Amino acid sequence: MIASVRGPVLHIALDHVVIDCGGVGYRVLATPSTLSSLQRGSEATLLTAMIVREDSMTLYGFTEPDARDLFALLQTVTGVGPRLAMATLAVLEPAALRRALADSDVKALCTVPGIGKRVGERLVVELRDKVDRPGAAPDAGGGVAASMSVGDQVVEALVGLGFAAPAAERAVAAVLADEPDADSARTLRTALASLGRGAR
């Protein structure tokens with residue numbers, strides 16, 4: 001089991017980063033907010049969760065132990081796999097996710113694409129007693145890691161999550177029209193919420 005990786009950042013894409021560990025490049029999937037905290041050429045350390053399937057071994061990376069713990073916890077619920085767990089953490093940061101679970105806020109959980117009312121209720125029932133409700137905490141800031149614009153970055157991330165490009169472009173344009181200074185993480189969360197509402 002690979003629990004963490006550390007080394008120079010070789011490449012940052014919309015859904016993953018490649019980190020050089022002793023001459024071997026590890027491809028690590030991560031949320032846009034995690035990727036926005038990294039910079040190509042700089043040293044980085046990511047906590048990782050390794051998912052082994054019959055035909056693949058995939059690393060998921062996190063900057064905080066809490067996010068990695070929640071990633072594993074979410075997958076204990078029937079119907080929630082690694083992809084949906086990562087989408088959840090892309091929309092709801094750890095404190096917001098813990099609060100939604102502890103407060104039985106199914107509506108907040110349903111802002112995640114792929115989580116409908118039934119799955120949201122299942123998450124609450126199975127996990128609300130396994131998480132502590134967090135106190136108020138300041139949001140961590142971060143710049144855009146890639147040279148591309150916030151809009152392009154978020155559109156590609158949404159397409160990677162399975163949305164059609166035209167729908168992703170419309171959702172991102174609407175977000176940036178309302179909030180021109182929004183960073184990639186906020187733009188993604190808001191666009192995901194909008195697309196999730198439209199899908200139901």
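Residues numbered from 1 in each chain as written. Predicted model: local features only at pLDDT ≥ 70, side-chain atom pairs only at ≥ 80, totals over all residues. Heavy atoms only, no water.

Before going further, it helps to examine the overall build of the chain. Of the regular secondary structure elements, the chain holds nine helices and five strands. Its helices and strands taken in sequence order, the chain reads β-β-β-α-β-β-α-α-α-α-α-α-α-α from the N to the C terminus. For 200 residues, the compact-globule estimate of 2.2 N^0.38 gives 16 Å, and the C-alpha radius of gyration of the chain, at 16 Å, lies within 12% of that figure. Here the C-alpha coordinates of the chain stretch approximately 45 × 40 × 35 Å along the principal axes. Every one of the 200 residues in the chain was classed for burial, and the buried ones make up 44%. Counted over contacts in the chain with a minimum sequence separation of 6, partners at least 24 positions apart contribute 54%. Across the chain, 20 positive and 23 negative side-chain charges occur, with their mean positions spaced 6 Å apart. (Helix = DSSP H or I, 4+ residues; strand = E, 2+ residues; numbered from the N terminus. Rg over C-alpha atoms; globule rule 2.2 N^0.38 Å. Buried < 20%, exposed > 50% of the residue type's maximum accessible area, 1.4 Å probe, protein only. Contact = heavy atoms within 4.5 Å. Lys, Arg positive; Asp, Glu negative; His and termini not counted. Charge placed at Lys NZ, Arg CZ, Asp CG, Glu CD.)

Taken as a whole, the second largest pocket encloses approximately 360 Å³ of empty space. If you go around the second largest pocket, you meet 19 residues; those closest to its centre are Asp15, Leu29, Met86, Gly160 and Leu161. Contributing elements (two or more residues each) for the lining of the second largest pocket: strand S3 (24-29), strand S5 (56-62), helix H3 (82-91) and helix H7 (150-160). Counting residues per element, the lining of the second largest pocket draws most heavily on H3, which supplies five residues. Here the lining of the second largest pocket is built from residues that sort into twelve nonpolar, three polar and four charged. (1 Å grid on protein atoms, 1.4 Å probe; cavity = no way out; pocket = protein on both sides within 12 Å on 5 of 7 lines; lining within 4 Å. Points joined across faces, edges and corners; volume = space filled by probe spheres on them. Nonpolar A, V, L, I, M, F, W, Y, C, P; charged D, E, K, R; others polar.)

Let's shift gears to the confidence of the model for the chain. Of the residues in the chain, 90% reach a pLDDT of 70 or more, and the chain-wide mean stands at 85. Within the chain, the lowest mean pLDDT, 76, falls on helix H9 (residues 184-199), and the highest, 96, falls on S3. This stretch, residues 136-147, has a pLDDT under 50; its non-local contacts, to residues over four places away or in other chains, come to twelve contacts. (pLDDT = per-residue confidence, 0-100.)

A side chain with one charge may pair with a side chain of the opposite charge, provided their charged atoms come close. Considering all chains together, one arrives at three salt bridges under this definition. A salt bridge links Asp66 to Arg98; its shortest N-O distance comes to 2.5 Å. Placement of Asp66 in helix H2 (residues 65-74) and of Arg98 in helix H4 (residues 94-102) is noted, with a sequence separation of 32 residues between them. Ionic pairing is found between Arg189 and Glu93, a salt bridge with its closest N-O pair at 3.0 Å. Here the residue Arg189 occupies a position in helix H9, and Glu93 occupies one in the loop between H3 and H4, the gap between them amounting to 96 residues. A relative accessible area of 25% means that Glu93 is categorised as partly exposed. (Salt bridge = Lys/Arg side-chain N within 4 Å of Asp/Glu carboxyl O.)

Let us now look at the sheet that holds strand S2 (residues 16-21). Read once around its circumference, the closed barrel built from five strands follows the order S1-S2-S3-S5-S4, with strand pairing classed as mixed. Along the sheet, successive strands turn relative to each other by an average axial angle of 55 degrees, direction set aside. Two strands pair when backbone bridges link them, and strand S1 (residues 4-12) and strand S4 (residues 43-53) are joined in this way by five bridges, in the antiparallel orientation. Bridge assignment links Ser4 to a residue of S4, and that residue is Leu47. Strands in contact with H2 are S4 and S5; relative to S4, the strand with the most contacts, it is inclined by about 10 degrees. Here H3 sits on the sheet in contact with S3, S4 and S5, set at roughly 15 degrees to S5. (Pairing = 2+ DSSP bridges. Axes fitted to C-alpha atoms, helices over the stretch in contact; angles between N-to-C directions.)

Turning our eyes to something else, we now look at the nonpolar core. Most often, soluble globular proteins keep nonpolar side chains buried together rather than apart. Among the nonpolar cores identified, the biggest contains 48 residues, and Phe62, Phe71, Val80, Leu97, Leu109, Leu123 and Leu158 are the most heavily contacted of them. Not counting residues up to four positions away in its chain, the partners in contact with Leu109 are Leu92, Leu97, Ala100, Leu101, Ile115, Gly120, Leu123 and Val124. Within the second largest apolar cluster, 14 residues are counted, among which are Val5, Val17, Met50 and Leu59. (Core = buried A, V, L, I, M, F, W, Y, C linked by side-chain atoms within 4.5 Å.)

So, on to H3. An α-helix turns once per 3.6 residues; consequently, residues spaced three or four apart project the same way. Among the ten residues in H3, nine count as buried, and that is most of the element. Those residues of H3 that fall on the buried side of the exposure criterion are Pro82, Leu84, Ala85, Met86, Ala87, Thr88, Leu89, Ala90 and Val91.

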